[in-house]
Amino acid sequence: MSKKNNYFDLPASLSDTELLEIFHEQERPLRLDALLRVTGLPRAARKMLEDQLYALADEGRLVRLQGGLWARADGLRQVRGRYMALRSGAGGFVTPLGDNGQVAGPDIFIHPLQAGDAWHRDMVRVALSPRSHARGKSREGRIVEVLERGCREVPVHVIHVTGRRALCRPADSRMPFDVSVELPGDMERPSGGSLLLVAPEKRLAADLWQARLLQAVGREDDIAVQEDLVKLNHEVPREFPPRVQAEADALPSAPQHADMAGREDVRALPLVTIDGADARDFDDAVQVEARPGGGWLLRVAIADVSHYVRPRSALDTEALARGNSWYFPTSVEPMLPPALCDGLCSLRPDEDRLAMLAEIPFSATGQPGKPRFAAVVMRSAARLTYDQVKACLLDRDGQARAALAAGPRGQEVLDMLETAFGLYRCLREARQRRGSLDFDLPEPEYSFDGKGRLLRVSRRVRHDAHRLIEEFMIAANEAVARHLGGLKADGSVEGAPKEPFLYRVHPQPDPERLESLFDSLEAIDPALVPVKPSASALQGILRDVQGSDREFLVGRLCLRAMPQARYQPENEGHFGLASRAYCHFTSPIRRYADLLVHRALKASLGLYGGALPAGQKLLRVADQLNRRERDALDCEREMARRLACMALEGRVGERFRGVVAGVNDFGLFVELSEMPVEGMIRVEDLGDDWYDFDARRQCLVGQRSGLCWSMGQSLEVVLAEVHSGRLEIRLLPTELGVAARRGGRVSRGRQGRPGKAPARHAKLPHQRRGRDRDGQRPVRGKGQARRDGDRGGRRPAGRGRRG
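Quick summary incoming for the structure in this document. If you're wondering where the values come from, they're calculated on a predicted model, not measured in any experiment. (Residues numbered from 1 in each chain as written. Predicted model: local features only at pLDDT ≥ 70, side-chain atom pairs only at ≥ 80, totals over all residues. Heavy atoms only, no water.)

Moving on: the sheet that holds strand 7 (residues 108-110). Through backbone hydrogen bonds, the strands of a sheet pair up, either in parallel or in antiparallel fashion. Spatially, 5-6-7-9-8 is the arrangement adopted by the five strands of the closed barrel, whose pairing is mixed. The sheet shows a mean angle of 50° between the axes of neighbouring strands, taken without regard to direction. Pairing of strand 7 with strand 9 (residues 140-148), which is carried by two bridges, proceeds in the parallel orientation. Its bridge partner lying in strand 9, Phe 109 is registered against Glu 140. (Pairing = 2+ DSSP bridges. Helix = DSSP H or I, 4+ residues; strand = E, 2+ residues; numbered from the N terminus. Axes fitted to C-alpha atoms, helices over the stretch in contact; angles between N-to-C directions.)

Structural data, given as structure tokens:
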């Protein structure tokens, strides 16, 4: 039987080629009913045609659009990019990439049914939905082809072992398949939960792959195993290539006499390093003198890494590819080989080292004078720790002071530190006067036993010894930025920029975020918000809540409103530090941006530092460094989340005090008081009610009960579930009535389905206001402690603090 139409004499079924040709002729998406009319097929063929459409979609030749529309994949606009799946299983995003690897447009949302065979981090080709081109619409699409697997090595949990074959599941919940792997005959039978590293090779079923065993990783409760997982998940660079290692091995173990030629000798100065107890790469040393008639002279000596790492060398190429050192609780993947970062370039005590010196005079009110810079040879007088300095200078501990004074230059160092604290207090007051923001939010500190198991998560204690170094590093970074940018201390132009280099810029919050921030602050306490809210009012707000029980909450909200700091060749100032010009100069061992600034500084002094990137090349370098910084931050977040899950896994059923640190239409984010760990109370766990999300007041309001769950609310919760695969911590409120007592009751609205937000708030994960891609916390949620990126990005447990 056949039917006549405008295109073909078609039988009751079509070949795939004929069906695709019809879409080509129509030049528009078609619904199933429209296809039946166009083809002239009987209604009885509907199911057969629908099955054929889905089969072609599975092959990537057709795309199913919203509203039941179908279109040829090659007829839609297609882009190439990297797929990043969501841990929640609610799809993911594709970041479009150009031929040069640079981001080429806004992200494209991929519904889980449109992801095809793509895995997390795959390079894919995406067909954009036609509605993505509509004005004001978020971009959506379907993955039509996997171009390159992003993960060739996958960490997996052992689920079940039968004979010599193990059924496993990826440790990362963003990998949507199981794995069958054959175990070697000489391998000890792994127990359930053990971690293996495998290479998927052959697809056996829709959600099952055959894989080859690469290695047994170990038990998941081992911190080293957790760190390995994060490194594998984020493709953190680890072993240095042979050529890079050979270049490092060819360098001397200490500066040679020829290296010191022409350098200023400052070995007699009592320069000291102050770091965490477990630090090994000492890249900065400080010394302060009181000046006759008032004021101070600050000297900051920074390891001269640029003397050994030359442009276009193997060391330089690898350092740029890494962008920065990658720090973990018990390990580090350094930017430079250990021979440099822990040896030749590290400012070890009583050893000659090459350095770049910044010498900055300050008035009695903390105003900087004209700085002087020089290439020097130095010798650190002492390697001090933060806690040691605190004991000697802040606590006035007699035993600690005596121990320090007993050293070869101990009394000289002790006297110098007394002077240094005078300058620190002056600089801190001066920076506060100019409007600098100071976020001192709690950060986690981890304790482990001898077997690498997590003992506890606590709040890291920061004190003025940390802040002293931060203040001096900020002063040095500003001085170098002004010098290279041709600016005077007051920000006025002194001359043309001396050399191309990268500023560290931090823009003002955009008006929309500021408005949202002040709405939230007003909901907490109307007295916090000035009559004329503006970005300049933030410092006063932070000062007003300092030392109160609202300090954490207000600081967290303000941080979430801040944009990300970044590197770029143009100076836009640094809002967080209230600085007219800022750059990164003080950590060339662990940040490539600082290495570039050192080369520019040398060029400005007439010293050889190698060719400098400029123009488009400098822009590409900035993009690379910004991207690697974000990657390192993602690692830090995942590592913190994994350790939080480890710390709470054995405590299900326990009660904790906490504070509501975030509110969304799908629930409450609660930060525990006992440790800086965040969990979630889902909206369906808030009782038999229908909740409205009030974005302005940052609260969830029950329509029947009138219960109000609001930002900053203190409450007791019980730990209900810890899901390590999804990195989720689920909490339950112990008493629903606490919300009413704290937040008050409000007028009742229309009735609805208990425990669910209204339909108008039921959005896809990527559309939910204030939620990031992982769906784990608000977009502005993980307060990158000191997101200004200068005292921010601090390294774990004593490894970081620098501007």
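Right, let's talk about the pattern of salt bridges for a bit. On inspection of all chains with the given rule, the structure shows 53 salt bridges. Close ionic contact of Arg 372 with Glu 359 constitutes a salt bridge, the shortest N to O distance being 3.0 Å. Pair noted here: Arg 372 is in strand 22 (residues 372-379) and Glu 359 is in strand 21 (residues 352-362), with a separation of 13 residues, a long-range link. Given the relative accessible area of 13%, Glu 359 is considered buried. Arg 556 is paired through a salt bridge with Glu 678; the nearest N and O atoms lie 3.7 Å apart. Here Glu 678 lies in strand 30 (residues 678-682) and Arg 556 lies in helix 15 (residues 551-561), a separation of 122 residues in the sequence. Glu 678 carries the same exposure label as Arg 556, and that label is buried. Taken together, the shared-partner salt bridges in this structure form one network comprising Glu 264, Glu 289, Arg 299, Glu 359 and Arg 372. (Salt bridge = Lys/Arg side-chain N within 4 Å of Asp/Glu carboxyl O. Buried < 20%, exposed > 50% of the residue type's maximum accessible area, 1.4 Å probe, protein only.)

Another aspect to go through is unusual backbone geometry. Apart from glycine, the bulk of residues carry a negative phi angle, and the bulk of peptide bonds sit in the trans form. Its identity as a non-glycine residue notwithstanding, Asp 350 has a phi of 60°, on the positive side. Structurally, Asp 350 is set in the loop between helix 8 (338-344) and strand 21. Despite not being glycine, Arg 396 shows a phi value in the positive range, around 55°. On the secondary structure map, Arg 396 appears in the loop between helix 9 (386-394) and helix 10 (398-405).

Turning our eyes to something else, we now look at the side chain of His 463. Turning to its location among the elements, His 463 is positioned in the loop between strand 25 (454-459) and helix 12 (464-485). Classification of His 463 by relative accessible area gives buried; the value is 8%. With residues near it in sequence (within four places) discarded, His 463 still touches Tyr 386, Asp 387, Lys 390 and Leu 394. (Contact = heavy atoms within 4.5 Å.)

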